[in-house]
Amino acid sequence: MEVYAEVDPLSNEGKLSEELRSLKAFDGLDVPHSPLGLPSVLPLAISARLRYGENYEGRLIINQRLADVNELYIRSLMLTSDVLKLDVAFTVGDVPKFGQPVSQLDSESAIRIAREQGTKAKVGLFLSFRYPREMIRERMRCGADFFLAMRVRGAADLEGLDTSLLTPYVIISTDKNKDIIRRIDQPTVTLNKLKDHLAEFESSGIKSVLLSCPGDWRSLNEAFRLIR
């Protein structure tokens, strides 16, 4: 099973460089796009830094908010993704804190446009397990190559689903980020239980997981040490 890490899009150049170097051991990295609708360093910039500055050869997934863009941007994004060897996960995204949402595209339209552009990149969607099972099944029939699955509590949530398409988020709770964890209100795991948690996913047929440690990216290094 491959283990990916979520990059914190830090705006401080020195700290961002330290973070990117420290996460290179992971099988893949996921770069979020303006989390919570707030300004942040763009995923394409961070991905280019990883590919050409850090010579990172693992899988790179960038998240793309659809609230902010139109069809032309998506087509250009897919061309850029082929150059940088990226995969793209589309999400509607939170309401932007500045300006008004464009909101011309839904997730299914973005998938269609990406296919029409003839991209080599894999295109995926976010999938929340807070919704009823039939809605989850319906979303998984949309033709995406993969799904970043949120709010998955454990392997039992995945019963009867095509686990080969799913990359569950695993949110790590630490002493440093406990206040953030409280606000996002999602299933979490502590470092001392992480290895068993991932083994449960692997036994259910999951091929990859995405580790996230909001507000405490340095603990991802400890997580990697514990599971390898």
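Please refer to the structure higher up on the page.
Residues numbered from 1 in each chain as written. Predicted model: local features only at pLDDT ≥ 70, side-chain atom pairs only at ≥ 80, totals over all residues. Heavy atoms only, no water.

A. Looking closely at the nonpolar core. By size, the foremost hydrophobic cluster in this structure holds 59 residues, and its most contacted members are Phe90, Leu166, Leu194 and Leu211. Not counting chain neighbours up to four residues away, the residues in contact with Leu211 comprise Val3, Tyr4, Ala5, Glu6, Phe26, Val170, Ile172, Leu194, Leu198, Leu220, Ala223 and Ile227. Of all hydrophobic cores here, the second largest spans eight residues; its members include Tyr4, Ile61, Tyr169 and Leu210. (Core = buried A, V, L, I, M, F, W, Y, C linked by side-chain atoms within 4.5 Å. Buried < 20%, exposed > 50% of the residue type's maximum accessible area, 1.4 Å probe, protein only. Contact = heavy atoms within 4.5 Å.)

B. Quick look at the side chain of Arg65. With respect to the helices and strands, Arg65 occurs in strand E3 (residues 59–65). Of note is the side chain of Arg65, whose polar atom sits 2.8 Å from the backbone oxygen of Asp94. When near neighbours in sequence (up to four residues on either side) are disregarded, Arg65 contacts His33, Ser34, Gly37, Thr91, Val92, Gly93, Asp94, Val95 and Pro96. (Helix = DSSP H or I, 4+ residues; strand = E, 2+ residues; numbered from the N terminus. Polar contact = N/O pair within 3.5 Å; in protein donor to acceptor, adjacent residues only side chain to side chain.)

C. View of the environment of Glu116. Mapped onto the fold, Glu116 is located in helix H4 (residues 107–116). Note: C-alpha distance between Glu116 and Arg75 (41 residues apart in sequence) is 8.7 Å. Engagement of the side chain of Glu116 in a polar contact is seen with the side chain of Arg75, the distance being 2.7 Å.

D. Quick peek at the pairing of strand E9 (residues 208–212). Counting buried residues in E9 gives five out of five residues, a clear majority hidden from the surface. Neither face of E9 is exposed, since Ser208, Leu210 and Ser212 on one face and Val209 and Leu211 on the opposite face are all buried. Both strand E1 (residues 2–6) and E9 contribute to a ladder of four bridges, which runs parallel. Across the sheet, the residue bridging to Tyr4 is Leu210, located in E9. One ladder, built from three bridges, connects strand E7 (residues 166–173) with E9; its direction is parallel. Within E9, the position partnered with Tyr169 by the bridge is Leu210. (Pairing = 2+ DSSP bridges.)

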